Amino acid sequence: MLRFALFVLIACIGFGLLAQPRLPATTHADLLHLQNLAAKESDPQKLAMSVQGRYPVAYIRGQALVGFLAKASESFDASIAASAHVHIGARIGDVVSVRVDAYHLEEARFIPGLSHIELAGVAEPHMDKVRWTTRVDSVHRGINLPMPYSGRDVLIGICDWGFDYTHPDLYDTLLTHTRIRAAWDQYKQSGPAPAGFPYGTEYATPSALLAAGSDTANIYSYHYHGTHVAGIAAGSGAGTLFRGIAYESELLLATWLIDAASVIDCYAWMKQIADSDRSAWW
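Residues numbered from 1 in each chain as written. Predicted model: local features only at pLDDT ≥ 70, side-chain atom pairs only at ≥ 80, totals over all residues. Heavy atoms only, no water.

Now for the layout of surface pockets. Of the voids in this model, the second largest pocket is the one considered here, and its volume is about 180 Å³. In terms of lining, the second largest pocket is formed by Arg-152, Asp-153, Asp-172, Thr-173, Thr-178, Arg-179, Tyr-247, Glu-248, Glu-250 and Trp-281. Here the residues of the lining of the second largest pocket sort into two nonpolar, two polar and six charged. (1 Å grid on protein atoms, 1.4 Å probe; cavity = no way out; pocket = protein on both sides within 12 Å on 5 of 7 lines; lining within 4 Å. Points joined across faces, edges and corners; volume = space filled by probe spheres on them. Nonpolar A, V, L, I, M, F, W, Y, C, P; charged D, E, K, R; others polar.)

The subject of this paragraph is the nonpolar core. Counting residues in each nonpolar core, the largest one holds 26 residues, and the members touching the most others are Val-57, Val-66, Phe-68, Val-98, Val-100 and Ile-111. Within the residue set of this core, elements represented by two or more residues are α2 (25-40), α3 (44-51), β2 (63-72), β4 (95-101) and β5 (114-119). Per-element accounting of this core gives the leading share, five residues, to β2. Residue contacts for Phe-68: discarding those within four places in its chain leaves Thr-27, Leu-31, Val-96, Ser-97, Val-98, Val-100, Leu-105, Ala-108, Ile-117, Glu-118, Leu-119 and Ala-120. In this structure, Ile-156, Ile-158, Ala-234 and Leu-251 belong to the second largest nonpolar core, which totals 14 residues. (Core = buried A, V, L, I, M, F, W, Y, C linked by side-chain atoms within 4.5 Å. Buried < 20%, exposed > 50% of the residue type's maximum accessible area, 1.4 Å probe, protein only. Helix = DSSP H or I, 4+ residues; strand = E, 2+ residues; numbered from the N terminus. Contact = heavy atoms within 4.5 Å.)

Evaluation of the coordinates by the stated rule reveals four salt bridges. Asp-277 is paired through a salt bridge with Arg-181; the nearest N and O atoms lie 2.9 Å apart. Note that Asp-277 is positioned in helix α9 (residues 260-281) and Arg-181 in strand β7 (residues 180-185), a separation of 96 residues in sequence. Judged by relative accessible area, Asp-277 falls into the buried class, the value being 10%. For the salt bridge of Asp-275 with Lys-271, the shortest nitrogen-to-oxygen distance reads 2.7 Å. With a gap of four residues between them, Asp-275 and Lys-271 both fall in helix α9, about one helical turn apart. We classify Lys-271 as exposed; its relative accessible area is 52%. (Salt bridge = Lys/Arg side-chain N within 4 Å of Asp/Glu carboxyl O.)

A word on the side chain of Thr-227. Within the fold, Thr-227 resides in helix α8 (residues 225-234). Thr-227 gets classed as buried once you look at its relative accessible area, which sits at 11%. Among residues more than four places away in sequence, those in contact with Thr-227 are Gly-162, Phe-163, Asp-164 and His-167.

Turning next to the packing of aromatic side chains. On inspection of all chains with the given rule, the structure shows four aromatic pairs. Seen in terms of ring centroids, Trp-184 and Phe-197 are 4.9 Å apart; in terms of plane orientation they differ by 45°. Their pairing is tilted. With Trp-184 in strand β7 and Phe-197 in the loop between β7 and β8 (201-203), this pair connects stretches of sequence that are 13 residues apart. Assigned by exposure class, Trp-184 and Phe-197 land together as buried. Ring geometry for Trp-184 and Tyr-199: centres 5.3 Å apart, planes at 45°, overall tilted. Of this pair, Trp-184 sits in strand β7 while Tyr-199 sits in the loop between β7 and β8, and the two are 15 residues apart along the sequence. For Trp-184, a relative accessible area of 0% translates into the label buried. Taking the relative accessible area as the measure of exposure, Tyr-199 reaches 16% and is therefore buried. A network of ring pairs unites the aromatic residues Trp-184, Phe-197, Tyr-199 and Trp-269 as a single cluster. The positively charged end of Arg-243 is found above the aromatic ring belonging to Tyr-247, 4.3 Å away from the centroid. (Phe/Tyr/Trp six-rings, centres within 6.5 Å; stacked < 30°, edge-to-face > 60°. Lys NZ or Arg CZ within 6 Å of the ring centre and 35° of its normal.)

For α9, which comprises 22 residues, the first-to-last C-alpha distance of 32 Å matches the rise-based estimate of 32 Å (1.5 Å per residue) to within 8%. Each element contacted by the buried residues of α9 is listed here: β6 (155-160), β7, β8 and β9 (250-255). A side-chain oxygen of the first residue of α9 lies 3.1 Å from the backbone nitrogen of Ala-261; this N-cap is Asp-259. (Expected span 1.5 Å × (residues − 1). Polar contact = N/O pair within 3.5 Å; in protein donor to acceptor, adjacent residues only side chain to side chain.)

Turning to the sheet that holds β7, a few remarks are in order. The mixed open sheet is built from four strands, whose spatial order is β6-β9-β7-β8. Where the open sheet ends on each side, the last strands, each with one partner, are β6 and β8. The mean angle between the axes of side-by-side strands here comes to 10°, regardless of whether they run parallel or antiparallel. Relative to β8, β7 runs antiparallel, the two being bridged by three bridges. Following the sheet pairing, Asp-185 is matched in β8 by Thr-201. Contacts from α8 reach β6 and β9 within the one sheet, and its direction differs from that of β6 by about 155°. (Pairing = 2+ DSSP bridges. Axes fitted to C-alpha atoms, helices over the stretch in contact; angles between N-to-C directions.)

Structure, rendered in structure tokens:
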């Protein structure tokens, strides 16, 4: 009787360690596809490059490693779970990051101590989730508010570099008029400088913005970071559903000299224009 009880205890422990983690149907299908691709491409670097953007695969130290997120059970031990083909990353609570060699994906199904495992989501350059995750979509609709809000009659100032003044996302939703109220390129010294400032070039009209096209290169050369930031804050969507937060606001864009003094000048210039426009409105 004692031997039988001991056998049952050992079997239960062994089952707890070797039980297969649950896989969502989508992960199961994706793993089959990745295994088929791996069977056709023996070079791990080429394999990783061929699926980047579609699957969470990265070429790391000679291996094409597939990223997973998993849920750890009480029996999980990273030192036992890891192997030549399974790499255990960070653990936060019961969530564990895992990477498995693309040529040994069957091992993802048998990692001890995991109750659930799924392919890690792939980051995509889309803004389709930002508005509803921050509940801005409710603000746009005026839910539980006196009225809908879209940024109309608001000025947003951005101190950055890499602005495309002609980008359609910075136009109105009909793509007919620019929403850039003014821009100040502190690097371009041909002028005219803004009133009260002895340097840079200000573009205060749509025609001047169109003629300039973009700001000039700073110490980081030409870039697009400023346009990216402006699109998140206030992009109209350029005819798509991927709008920014305050999509009907106007913009003040300042390309700064990469020092604290120029930032203070940026903010002062923005306030100067905002005060002037407020006086005109009222």
